[in-house]
Amino acid sequence: MNRNILIIALVAILGGGAAFFAMSGGGAKQVDVAPQAQAETETVAETSDAAVSEITEMTLGNPDAPVKVVEYASFTCSHCGAFHREGFKELKANYIDTGKIHFTYREVYFDRAALWASMVARCGGEEKFFGITDLIYKGQRDWMGGGDPVQMADGLRKIARVAGLSSDTIDACLEDQDKAQSLISWYQANVEADGIDSTPSFIIGEDRVAGNNYAKLREVIDAQLGN
């Protein structure tokens, strides 16, 4: 399927049809995005590249490290949550903090709640991103609950407040439809370029590791480091 058609389709799916759910006040509210979802494919094509370039890559470690690792993960993926609560701590201590790898985290949006969580994580900028990401994964079972949109919205807002963000700042982030559209375009470009169809997935140079398997990830990294 054409990339631009996929972007439009994903907007519609994430928005539950004609509306995009953003969080405000005590819960979720609907913000109409029907005009964007119904835009001509040519218009999306003209703006998608610019939108992608606006998104900041979230990274850790030495940019000049000999090995580059890119993780594709979804905030609503239980295996991603397990990795970040367990294996990621070892990855950071043994490889990122020691300057052996440069780590990039890229969000995947298989559902609208993952997009909401991404907008919350990015709300504090680069300085707070990984701290908020840690809180989102630690509280994943709680804020996702039974899948109720209002409960998920409230849970994510609480996490953002714990991270020190004001209600006004949270509102501004979660109601930024242009940012949401840009994130969707960015996500689609990334997963198509790297052939990502499941999370978590890791790109390590020319190699890839799928799934929550820290031992395998470490094996591939060590091989590239010549260990």
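Residues numbered from 1 in each chain as written. Predicted model: local features only at pLDDT ≥ 70, side-chain atom pairs only at ≥ 80, totals over all residues. Heavy atoms only, no water.

In this section: the side chain of Arg106. Here Arg106 shows up in strand β5 (residues 101-107). Among the residues examined, Arg106 registers a relative accessible area of 15% and is labelled buried. There is a polar contact of 2.8 Å between the side chain of Arg106 and the side chain of Tyr72. Beyond its immediate chain neighbours, meaning those up to four positions away, Arg106 contacts Glu57, Val70, Glu71, Tyr72, Ala73, Trp186, Asn190 and Asp194. (Helix = DSSP H or I, 4+ residues; strand = E, 2+ residues; numbered from the N terminus. Buried < 20%, exposed > 50% of the residue type's maximum accessible area, 1.4 Å probe, protein only. Polar contact = N/O pair within 3.5 Å; in protein donor to acceptor, adjacent residues only side chain to side chain. Contact = heavy atoms within 4.5 Å.)

The strand order across the open sheet built from five strands is β3-β5-β4-β6-β7, with neighbouring strands paired in mixed fashion. Edge positions in the sheet fall to β3 (58-61) and β7 (207-210), since each of these pairs with one other strand and no more. The mean angle between the axes of side-by-side strands here comes to 20°, regardless of whether they run parallel or antiparallel. Here strand β6 (residues 201-204) pairs with β7 via four bridges, running antiparallel. Among the inter-strand pairings, Ser201 is bridged to a residue of β7, identified as Ala210. Each of β3, β4 (67-73) and β5 touches helix α7 (residues 125-138); the most contacted strand, β3, lies at about 90° to it. (Pairing = 2+ DSSP bridges. Axes fitted to C-alpha atoms, helices over the stretch in contact; angles between N-to-C directions.)

Here we take up the state of the cysteines. Per the stated rule, a full pass over the model turns up one disulfide. Shown here is the disulfide that connects Cys123 with Cys173, its sulfur atoms set 2.1 Å apart. Because the sign of the S-S torsion sets the handedness, a value of about 90° for the bond joining Cys123 and Cys173 places this disulfide among the right-handed ones. Separated by 50 residues along the polypeptide, Cys123 in the loop between α6 (112-121) and α7 and Cys173 in helix α10 (residues 167-174) bring together distant segments of the chain. Both residues of the pair, Cys123 and Cys173, belong to the buried class. (Disulfide = S-S within 2.5 Å.)

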